[in-house]
Amino acid sequence: MWAMIATWRMALEGITAGGEMLENNASAGDALEKAIQDIEDFPYYKSVGYGGLPNEEMEVELDAAYMDGDTMDVGAVAAIKDFANPISIAKRLSKESVNCLLVAEGAEKFAHKEGFERKNMLSDRAKIHYRNRVKEQQQELRPYIGHDTVGVVSLDKAGKIVVGTSTSGLFMKKKGRVGDSPIIGSGFYADSEVGGASATGLGEDLMKGCISYEIVRLMKEGHHPQEACEIAVNKLDAELKQRRGKAGDLSVVALNNKGEYGVATNIEGFSFAIARENEEPAVYLVKNIDGKCVHELASQEWLDNYMKTRTAPLKEN
Ligand code: ASP
């Protein structure tokens with residue numbers, strides 16, 4: 001049994017390609033790397049890789065991580081600029097036994113030495129988004145709370161689980177700001193003896209619950225991935241509201257080593273993509289109704305509209 005699940009609709013083409021590799025006996029890690037590279041390379045997604053929205057200084061700083069659930073190898077980069085595929089750098093770093101999480105200039109030096117492709121990641125569309133945002137917010141530049149990290153959990157036929165993330169983080173973030181995506185246990189966690197999980201949403205809040213580790217821990221205790229996701233999201237959401245008066249966006253996907261999956265969110269409009277052996281890859285929308293998260297197959301109209309809005313010409317305000 002192979003399977004691949006990912007946060008957000010944007011991952012559909014990537015996991016379709018990754019799924020084909022898994023069908024042909026590729027390893028979970030190689031298929032995941034291909035899936036995430038495709039998303040990083042697609043210029044119309046504004047939250048991952050090329051075309052990702054910049055920080056408040058109009059620089060695209062990217063975070064990515066990779067974890068191998070067999071060996072517990074972890075690699076990650078944070079606030080890295082000017083490299084095409086942060087996921088591949090994270091995967092490469094996971095082979096190191098020390099210096100596995102590198103930030104900013106240190107990450108760039110490593111990537112350069114290792115021969116990774118350099119690229120100016122600031123697209124013309126991202127510049128327009130930036131300038132429009134500056135005009136909207138004359139007095140103070142606040143980070144935009146919308147989000148869309150890609151987090152992928154991959155299971156291959158040999159039973160190996162790998163998890164990876166890639167993101168430009170929050171639009172208008174402070175230079176050097178790092179969210180949950182490259183932080184083990186928060187944005188991602190993988191254990192081939194159990195399964196894997198990944199998160200998207202407000203990193204500052206997701207990290208408070210070490211939410212991906214928590215989901216894998218719950219699955220290890222015997223919970224189905226769906227139960228594990230709901231318990232983790234509902235609990236963190238309630239705790240944040242109780243202690244801090246509000247909770248940021250929290251959305252998660254998980255997969256166990258039998259190919260069963262779970263998804264939960266505390267927002268409206270979360271989508272995920274899933275590809276599994278003998279099933280057509282598909283996109284679902286998720287709703288949290290009193291703690292239960294319902295998955296509804298995305299309609300063709302929704303899917304068409306999604307691409308239309310992503311690729312629509314962008315006007316300078
Ligand atoms: N979790 C990411 C962060 O806080 C944002 C996202 O999911 O898009 O950097």
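This text follows the structure it describes.
Since this is a predicted model, take the numbers as computed values, not measurements. (Residues numbered from 1 in each chain as written. Predicted model: local features only at pLDDT ≥ 70, side-chain atom pairs only at ≥ 80, totals over all residues. Heavy atoms only, no water.)

## Overview of the site of the ligand
By nearness alone, 12 residues border the ligand, and Asp148, Thr149, Arg177, Asp180 and Thr200 come closest of all. Between Gly201 and the ligand, the recorded distance is 2.8 Å, taken from a backbone N or O atom to a nitrogen atom. Here an oxygen atom of the ligand sits 2.8 Å away from a polar atom, N or O, in the main chain of Gly203. Expressed as a share of its isolated accessible area of 270 Å², the protein-covered part of the ligand is 100%. A class-by-class count of the residues in the shell around the ligand yields no nonpolar, 9 polar and 3 charged. (Near = heavy atom within 4 Å. Polar contact = N/O pair within 3.5 Å; in protein donor to acceptor, adjacent residues only side chain to side chain. Areas by Shrake-Rupley, 256 points an atom, 1.4 Å probe, with all protein chains shown as cover. Nonpolar A, V, L, I, M, F, W, Y, C, P; charged D, E, K, R; others polar.)

## Some remarks on the pattern of salt bridges
Summed over all chains, the structure comprises 25 salt bridges. Across the pair Glu114 and Arg92 runs a salt bridge, and its minimum N-O distance is 3.0 Å. Linking Glu114 in the loop between α4 (104-113) and α5 (124-136) with Arg92 in helix α3 (residues 86-93), this pair joins segments that are 22 residues apart in sequence. Glu136 serves as the salt-bridge partner of Arg133, at 3.2 Å between the closest nitrogen and oxygen. Linking Arg133 with Glu136, this pair stays in helix α5, spanning 3 residues, or about one helical turn. For Glu136, a relative accessible area of 52% translates into the label exposed. One network of salt bridges, in which partners are shared, links Glu59, Glu61, Lys81 and Lys175. (Salt bridge = Lys/Arg side-chain N within 4 Å of Asp/Glu carboxyl O. Helix = DSSP H or I, 4+ residues; strand = E, 2+ residues; numbered from the N terminus. Buried < 20%, exposed > 50% of the residue type's maximum accessible area, 1.4 Å probe, protein only.)

## Observations concerning the sheet that holds strand β9 (residues 250-256)
Spatially, 4 strands are ordered β7-β8-β9-β10 in an open sheet, and the strand pairing comes out antiparallel. Among the strands making up the open sheet, the edge pair consists of β7 (188-191) and β10 (261-265). Between one strand axis and the next, the sheet turns through 10° on average, direction left out of account. In the sheet, β7 pairs with strand β8 (residues 195-201) via 4 bridges, with the strands oriented antiparallel. Each residue of the ladder has a partner; that of Ala190, found in β8, is Gly196. Seen against the sheet, helix α8 (residues 225-244) touches β9 and β10 and runs at an angle of roughly 20° to β10. (Pairing = 2+ DSSP bridges. Axes fitted to C-alpha atoms, helices over the stretch in contact; angles between N-to-C directions. Contact = heavy atoms within 4.5 Å.)

## Looking at the packing of aromatic side chains
Overall, the coordinates contain 8 aromatic pairs when judged by the stated rule. Considering the side-chain rings of Trp8 and Phe270, the 4.8 Å spacing of their centres and the 85° angle between planes classify their relative orientation as edge-to-face. In this pair, Trp8 sits in the loop between β1 (3-7) and α1 (12-23) while Phe270 sits in strand β11 (residues 270-276), placing the two residues 262 residues apart along the sequence. Phe270 carries the same exposure label as Trp8, and that label is buried. Arranged with centres 5.8 Å apart and planes meeting at 55°, the rings of Phe42 and Tyr44 form a pair that is tilted. Take Phe42: its relative accessible area is 28%, and that puts it in the partly exposed class. With relative accessibility at 31%, the residue Tyr44 sits in the partly exposed group. Within the aromatic cluster, the residues linked to one another by ring pairs are Phe42, Tyr44, Tyr45, Trp302 and Tyr306. Between Lys119 and the ring centre of Tyr50, over which it is positioned, the NZ or CZ distance is 4.6 Å. Over the ring of Tyr306 we find Arg310; its NZ or CZ atom is 3.9 Å from the centre of that ring. (Phe/Tyr/Trp six-rings, centres within 6.5 Å; stacked < 30°, edge-to-face > 60°. Lys NZ or Arg CZ within 6 Å of the ring centre and 35° of its normal.)

## Description of unusual backbone geometry
The phi angle at Asn25 is positive, at roughly 75°, despite the residue not being glycine. Along the chain, Asn25 falls in the loop between α1 and α2 (28-41). Residue Asn25 is classed as exposed on the basis of its relative accessible area, which comes to 59%. Its identity as a non-glycine residue notwithstanding, Cys210 has a phi of 40°, on the positive side. The topology assignment puts Cys210 in the loop between α6 (203-206) and α7 (211-220).

## Looking at the packing of α7 against α8
Remark: α7 packs on α8, axes separated minimally by 9 Å, with the N-to-C direction vectors making an angle of 135°. Here α8 runs oblique to α7, going by the angle between their axes. Where α7 crosses over α8, the two elements pack in a sense that is right-handed. Residues Ile211, Glu214, Ile215, Leu218 and Met219 of α7 pack against Pro225, Ala228, Cys229, Ile231, Ala232, Val233, Lys235 and Leu236 of α8. Residue composition of the contact of α7 with α8, grouped by class: 11 nonpolar, no polar and 2 charged. (Parallel < 35°, antiparallel > 145°, perpendicular 65-115°, else oblique. Left-handed = near helix turned anticlockwise from the far one by under 90°.)

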